[in-house]
Amino acid sequence: MDESNEIILQKSKRLTSVVWNYFERVRKADVCYAVCIQCNKKLSGSSNSGTTHLRNHLMRCLKRTNHDMSQLLTPKRRKKENPVTVATIGFDESEPKDGYIRPKFDQEQRRGDEVVLSRGGSGGGVGGGRFSQERSLVDLARMIILHGYPLSMVDHVGFKVFARNLQPLFEPVGNSTIEETCMEIYIREKQRVQHALSNLYGKINLSVEMWSSKDNANYVCLASHYIDEEWRLQRNVLNFITLDPSHTDDMLSEVIIRCLMEWSLETKLFAVTFDSFSVNDEIVMRIKDHMAQSSQVLINGQLFELRSAAHLLNAIVQDCLEAMRDVIQKIRGSVRYVKSSQSTQARFSEIAQLAGINSEKILVLDSLDIWNSTYEMLETVLEYKGAFCHLRDHDQEFDSSLTDEEWELTRSVTSYLKLVFEITADFSGNKCPTANVYFAEMCDIHIQLIEWCKNQDGFLSSLAAKMKVKFDEYWNKCSLVLAIAAILDPRFKMKLVEYYYSKIYGSTALDRIKEVSNGVKELLDAYSICSAIGDDSSFSGGSGLGRGGGMDSRDRLKGFDKFLHETSQNQNTTSDLDKYLSEPIFPRSGEFNILNYWKVHTPRYPVLSMMARDILGTPMSILGAADSAFNSGRPVVDESKSSLNPDIRQALFCAHDWLSAEAEVQPLSRQYAQAM
């Protein structure tokens, strides 16, 4: 064939198939050919021939030469299509020791919501390197873990077509293969988390949250909470354990102890926060006894056992909704009637205007599983009370009307819920929920419950009394930690405790304030003693070596160090706490980051800052996601996860949390959950 008569045609915009990136279209006389850039073979290039035969040739050609298709992009084509925006992450170009590439988020590459994909690297098989099936498999597994996709997606026809068109060399994998890869990632990430926890300077707190599934299986999620060396609040899911159907409440202590042993946290544990009020004292005592074998339980364990504030508020709300159950059912019937047809809605709007109601709120039925939707429905209905009363008097078909007494009851209970709703929203919206943010809010709840119990209406006062029983149980376990955390906020110190306790306790306030003062001093003494004798077994994992690096665990003069510290207390020495409390209160105006404050002031208050690190890192609420605070029941495992093997389910749940934190995105652990 005489090639001198061949003319290379400029590719038209109609040649949109990716196949044409690897062929030159040439014409000889009236015949069009497609010439393979890789092997120069000529195939039919007629527009009537389609591209299937070109794709089939390309697959054989590329496999024979083991080239990545992206290497064959012509410079002109690359320049035209740059930047690549198919992903939000780049990759480290160097080959990591653990055998897979970690995501790298480059802020300089961001352009609005668009992020340019980094495509460097010569030997790693990413982008410009040779294609790696193993690397692609790991990337796929990490994507599934990070975004909570079902493992079965690798068997979906749509995914297989997408993967084949994106990279023809990628070999499809089955469910078992992707499970194994996910498990390998979990093991590697677990080692990384273990290393971080083992090198942690301070104490670690543990949260315990129960989960369930639609098939009534039960799970327990255990997470660590702490403030790291850079004074950043950290949370890591440690275990997601499937409980045996024969599991009883007293076995919960065994589950927690096994977790502590697995992660070597017995000597590091500061406090445990439970989500439930059903945890009995025996469970906590078993954990304390186990800890006492290897470490010190501070100030007789007064700070050890805590309860989640969010779960307390949810329990109070459920009491309100249960007491209002019949009335709420009538309100739902009223809303359904108004929204039953467009004509009814139009007539209701006219009635509302005639009644002088100018509310812009829209009547919407609540969701039974999310209590804030019920609160919002009640609040909206109250604004339209006049219109509903008109319907009651003039519409014979309207049979869900409320009596005047029921309207008044609805107004009173909605006012109860308003405070709880606002405080819960504050908790769930806080991106850095250190322990100091809870004291004032829980004191406000306490004060209101006291007032509600005095209500002249017997129904409302008995409802308030029922709620206060639950609150008092919470307060007895958590009030000291809440108060100490507030004292460690330089904007408040002791003054906030004095302010609220005078409102709560009245004539006995001074005694209660003194209890808090003694508690914080006793706790600081414990930290001071351990700091003086260099006892890392109480603070940093039990190595026996002091923070100064020279103490042996068999030093017989440790008792002397303790004696020296105690006797020095009587020589008018000024403690960190005395110095801290004597200085002016920090201004409350403007933005304030308490962790930055203690990071900066650590040299000035070396012992008090150690205590602040552990206290402020205590989880006073267990919230996996912003919207979970309003869920009426336990979080529920998604069906696609509940059917998995317990080991792979735990691996996916934990690795998802770790990868989310590593990628510096907001944790999505509740992506595995749905409303119960």
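Presented here is a report on the structure given in the accompanying data block. (Residues numbered from 1 in each chain as written. Predicted model: local features only at pLDDT ≥ 70, side-chain atom pairs only at ≥ 80, totals over all residues. Heavy atoms only, no water.)

Looking now at the overall build of the chain. Each helix and strand in the chain was counted, giving 23 helices and 15 strands. Of the contacts made within the chain by residues no fewer than 6 positions apart, 69% connect residues no fewer than 24 positions apart. By element, 49% of the accessible surface of the chain is carried by carbon and sulfur atoms, the whole surface being about 33600 Å². (Helix = DSSP H or I, 4+ residues; strand = E, 2+ residues; numbered from the N terminus. Contact = heavy atoms within 4.5 Å. Areas by Shrake-Rupley, 256 points an atom, 1.4 Å probe, with all protein chains shown as cover.)

Take the environment of Leu-488 next. Position of Leu-488 relative to the elements: it lies in the loop between helix 15 (458–487) and helix 16 (493–505). Each residue touching Leu-488, except ones within four places of it in the same chain, is listed here: Tyr-580, Ile-594, Trp-598, Leu-608, Met-611, Ala-612 and Ile-615.

Further remarks concern the packing of aromatic side chains. Taken as a whole and assessed by the stated rule, the structure comprises 30 aromatic pairs. Between Phe-240 and Phe-653, the ring centres sit 4.1 Å apart and the planes meet at 15°, which makes this aromatic pair stacked. Within this pair, whereas Phe-240 is found in strand 11 (residues 233–242), its partner Phe-653 is found in helix 23 (residues 646–662), the two being separated by 413 residues in sequence. You'll find Phe-240 and Phe-653 in the same group, each marked buried. Aromatic pair Phe-586 and Phe-592: ring centres 5.2 Å apart, planes at 50°, arrangement tilted. Judged by its relative accessible area of 36%, Phe-586 falls in the partly exposed class. A residue is classified by how much of its surface remains accessible, and Phe-592, at 21% relative accessible area, is partly exposed. (Phe/Tyr/Trp six-rings, centres within 6.5 Å; stacked < 30°, edge-to-face > 60°. Buried < 20%, exposed > 50% of the residue type's maximum accessible area, 1.4 Å probe, protein only.)

Our focus in this paragraph is the pairing of strand 10 (residues 218–227). One face of the sheet, then the other: side chains in a regular strand alternate in exactly this way. Burial runs high along strand 10: nine of the 10 residues are buried. As defined by bridge partners, strand 9 (residues 204–212) adjoins strand 10 across eight bridges and the pair is classed as antiparallel. Residue Trp-211 lies in a different strand from strand 10, and its bridge partner there is Tyr-219. The turn linking strand 9 back onto strand 10 is made up of five residues, and Asn-216 within it adopts a positive phi angle of 70°. The pairing of strand 10 with strand 11 spans nine bridges and is classified as antiparallel. Looking at the pairing, Tyr-219 lines up with Thr-242 of strand 11. (Pairing = 2+ DSSP bridges.)

On to the pattern of salt bridges, then. For the structure on display, the rule yields 28 salt bridges. Asp-319 is the salt-bridge partner of Lys-470, the closest N and O atoms lying 3.1 Å from each other. A residue pair is termed long-range when its members are at least 10 positions apart, and Lys-470 in helix 15 and Asp-319 in helix 8 (residues 309–323) qualify at 151 residues. Assessed through its relative accessible area of 28%, Lys-470 is described here as partly exposed. The partner of Lys-361 in a salt bridge is Glu-383, with the nearest N and O atoms 3.2 Å apart. Taken together, the residues Lys-361 in the loop between helix 10 (342–354) and helix 11 (371–383) and Glu-383 in helix 11 connect sequence positions 22 residues apart. Here Lys-361 falls in the partly exposed class, since its relative accessible area comes to 33%. What emerges from the salt-bridge pattern is a single network uniting Asp-281, Glu-305, Arg-307 and Lys-477. (Salt bridge = Lys/Arg side-chain N within 4 Å of Asp/Glu carboxyl O.)

Moving on to the nonpolar core. Among soluble globular proteins, nonpolar side chains are generally buried collectively. In terms of nonpolar packing, the biggest core is built from 108 residues, with Phe-388, Phe-439, Met-442, Trp-475, Trp-598 and Met-611 touching the most fellow members. Per-element tally for this core: the top contributor is helix 15, with 16 residues. Each of two domains, domain 2 (182–303 + 644–673) and domain 3 (310–512), supplies a minimum of three residues to this core. Setting aside anything within four residues of it in sequence, one finds Trp-475 in contact with Phe-439, Met-442, Cys-443, His-446, Leu-482, Tyr-501, Ile-504 and Tyr-505. (Core = buried A, V, L, I, M, F, W, Y, C linked by side-chain atoms within 4.5 Å. Domains from an automatic or database assignment.)

Below, the discussion takes up the side chain of Ser-660. The topology assignment puts Ser-660 in helix 23. The exposure class assigned to Ser-660 is buried, which follows from its relative accessible area of 0%. A polar atom in the side chain of Ser-660 sits 2.8 Å from the backbone oxygen of His-656. (Polar contact = N/O pair within 3.5 Å; in protein donor to acceptor, adjacent residues only side chain to side chain.)

Here the focus is the pairing of strand 3 (residues 31–36). The element strand 3 is extensively covered by neighbouring structure, given that five of its six residues are classed as buried. With six bridges joining them, strand 2 (residues 23–28) and strand 3 adopt antiparallel strand pairing. Its bridge partner lying in strand 3, Phe-23 is registered against Cys-36. Hairpin connection, strand 2 to strand 3: the antiparallel pair is bridged by two residues, and Ala-29 has positive phi, about 60°. Two strands pair when backbone bridges link them, and strand 3 and strand 4 (residues 42–44) are joined in this way by three bridges, in the antiparallel orientation. The residue bridging Tyr-33 from the neighbouring strand is Ser-44, located in strand 4. From the end of strand 3 to the start of strand 4, which pair antiparallel, there are five residues, and Asn-40 there has a positive phi angle of about 65°.

Scope: geometric values only; no functional claims are made or implied.
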